[in-house]
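# A closer look at the structure
Here is how the chains run, residue by residue.
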Amino acid sequence: MSTENLPQSPDQPPRKPRVAVVFGGRSSEHGISMVTAGAVLRAIDRTKYDVLPIGITREGRWVLTADEPERMAITDRRTPEVEDLADSDEGGVVLSVDPANREVVYSEPGSVPKALGEIDVVFPVLHGPYGEDGTLQGLLELSGVPYVGSGVLASAVGQDKEYMKRVFTSFGLKVGPYVVIRPREWERDESAARKKIIDLAGDHGWPLFVKPARAGSSIGITKVDDLSALDDAIAEAQRHDPKILVETALRGREIECGVLEFEDGPRASAPAEIPPPDAHAYYDFEAKYIDSTPGIVPAPLTPEETAEVQRLAVDAFEAASCEGLVRADFFLTEEGEFVINEINTMPGFTPISMYPQMWQASGISYPDLVDKLIQAALRRSTGLR
């Protein structure tokens, strides 16, 4: 369904598509999701779309929020909270799971539920579990509501770094050495699980990066330089996800590339390079969002290197059956080979985030990028495709 094909009553003037921007959520990336939502709300063309901001609290309650993007910013090095913008401490929003009814209903204890009208498309700017990982996408599929971004499978693959790497390997994309420690492994025999990690260091050397397997925004990641710091790093990763991923450090340059779905298929942006941040051990959460370590856009690559990383980014997009948008992250090794680190199906999306910056360098402004994503979602049906 496109903008021009929205259902209309014969005696009613054409109405604007209604976009529900959904943000916040139950993951540790709640605050960053809100920062992203603020940027998207500012960028949506209100002459072209009606907008309904819906926040999800850390406890999972769906709420109506103030349409005040200026309150969704990092202030004094602190990220915002959905609860601070909620219209009510008790009211909640419900989306019908009847595909024939896209109406949103608002209810409060002791009051008659209030119909808020239908929505035509959801722009989910949730990062991490319970939003970016296929769970919200499954709900929207059941509801028959089109949405921005990848479907259930691609979202789940893009969230779980283990299965992401397995998919990439099966499609011939090169990944770096890693091991995975599942929760049952850790519970059954901590010593054996720890030995897997130590063996990885023995084969490839220190440092290692210990990560939650299903988190993003560099939250919960520790760079481990020797065995003495390993247990604390494992505990920190498990605080965010009982399943952890441990990777070797790849020597080389960090290169990112955006992919955007056009009517004729996915295309890659100008790539960017992430230089080593001066005040941080690596490109961690503080470097990304608090100190805003700048990337280099476009990356200083040869024409051949640029073409190769763009090809590989689109290959990764297709391998995981992605839709809408993806940011693909690579290392360009000292041997001149691109190794894919991960994809992000809902990347950081503020105007200073790398994904919008790469498309800005490719000739697409931030508001136009938001519009293209909404239009792509309106064109696409839900269900098997």
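Above this text is the structure in question.
None of these values were measured; they are calculated from a predicted model.

### Digging into a negative patch on the surface
- Taken together, the side chains of Asp87, Asp89, Glu90 and Glu108 define an acidic patch exposed on the protein surface.
- Note that Glu90 resides in the loop between β3 (62-64) and β4 (92-95).
- A relative accessible area of 57% places Glu90 in the exposed class.

### Digging into the environment of Arg18
- By the element assignment, Arg18 lies in strand β1 (residues 18-24).
- Considered as a pair, Arg18 and Leu260 are 242 residues apart in the sequence and their alpha carbons are 22 Å apart.
- Once you skip the residues sitting within four places of it in the chain, Arg18 turns out to touch Asp50, Leu52, Leu116, Gly117, Glu118, Ile119, Asp120 and Val121.
- A polar contact of 2.6 Å, which involves the side chain of Arg18, links it to the backbone oxygen of Leu116.
- For Arg18, the side chain forms a polar contact with the main-chain oxygen of Gly117, separated by 3.5 Å.

### Considering the pairing of strand β15 (residues 325-333)
- Counting buried residues in β15 gives 9 out of 9 residues, a clear majority hidden from the surface.
- Here β15 shows a buried face lined by Leu325, Arg327, Asp329, Phe331 and Thr333 and a second buried face lined by Val326, Ala328, Phe330 and Leu332.
- Bridge count between strand β12 (residues 252-262) and β15: 9 bridges; the pairing is antiparallel. The residue of β15 that forms the bridge with Ile255 is Phe330.
- Here β15 runs beside strand β16 (residues 338-344); their pairing, made up of 6 bridges, is antiparallel.

### Looking at the environment of Tyr130
- Mapped onto the elements of the fold, Tyr130 is located in the loop between β7 (121-124) and α2 (135-143).
- For Tyr130, a relative accessible area of 43% corresponds to the partly exposed category.
- Each C-alpha atom, one on Tyr130 and one on Gly60, is 8.8 Å from the other, the two residues being 70 residues apart in sequence.
- In this structure Tyr130 touches Arg26 and Thr135, once residues within four positions along its chain are discounted.

### Details of the nonpolar core
- Within the largest apolar cluster, 36 residues are counted, with the highest numbers of intra-cluster contacts made by Val21, Val40, Ile44, Phe123, Phe349, Val370 and Ile374.
- Of all the secondary structure elements, the ones that give two or more residues to this core are β1, α1 (30-43), β7, β12, α10 (354-361) and α11 (366-379).
- With 7 residues, α11 is the single largest residue contributor to this core.
- Counting contributing residues, this core receives three or more from each of domain 1 (18-147) and domain 2 (158-174 + 251-363).
- The residues contacting Ile44, other than those within four sequence positions of it, are Val19, Val21, Tyr49, Val51, Val370 and Ile374.
- Counting 28 residues, the second-largest nonpolar core is a separate cluster that includes Met164, Ile255, Val326 and Phe338.

What counts, and where the lines are drawn
- Residues numbered from 1 in each chain as written.
- Predicted model: local features only at pLDDT ≥ 70, side-chain atom pairs only at ≥ 80, totals over all residues.
- Heavy atoms only, no water.
- Patch = residues over 30% accessible without salt bridge, like charges linked within 9 Å, V, L, I, M, F, W, Y side chains within 5 Å.
- Areas by Shrake-Rupley, 256 points an atom, 1.4 Å probe, with all protein chains shown as cover.
- Salt bridge = Lys/Arg side-chain N within 4 Å of Asp/Glu carboxyl O.
- Lys, Arg positive; Asp, Glu negative; His and termini not counted.
- Charge placed at Lys NZ, Arg CZ, Asp CG, Glu CD.
- Helix = DSSP H or I, 4+ residues; strand = E, 2+ residues; numbered from the N terminus.
- Buried < 20%, exposed > 50% of the residue type's maximum accessible area, 1.4 Å probe, protein only.
- Contact = heavy atoms within 4.5 Å.
- Polar contact = N/O pair within 3.5 Å; in protein donor to acceptor, adjacent residues only side chain to side chain.
- Pairing = 2+ DSSP bridges.
- Core = buried A, V, L, I, M, F, W, Y, C linked by side-chain atoms within 4.5 Å.
- Domains from an automatic or database assignment.

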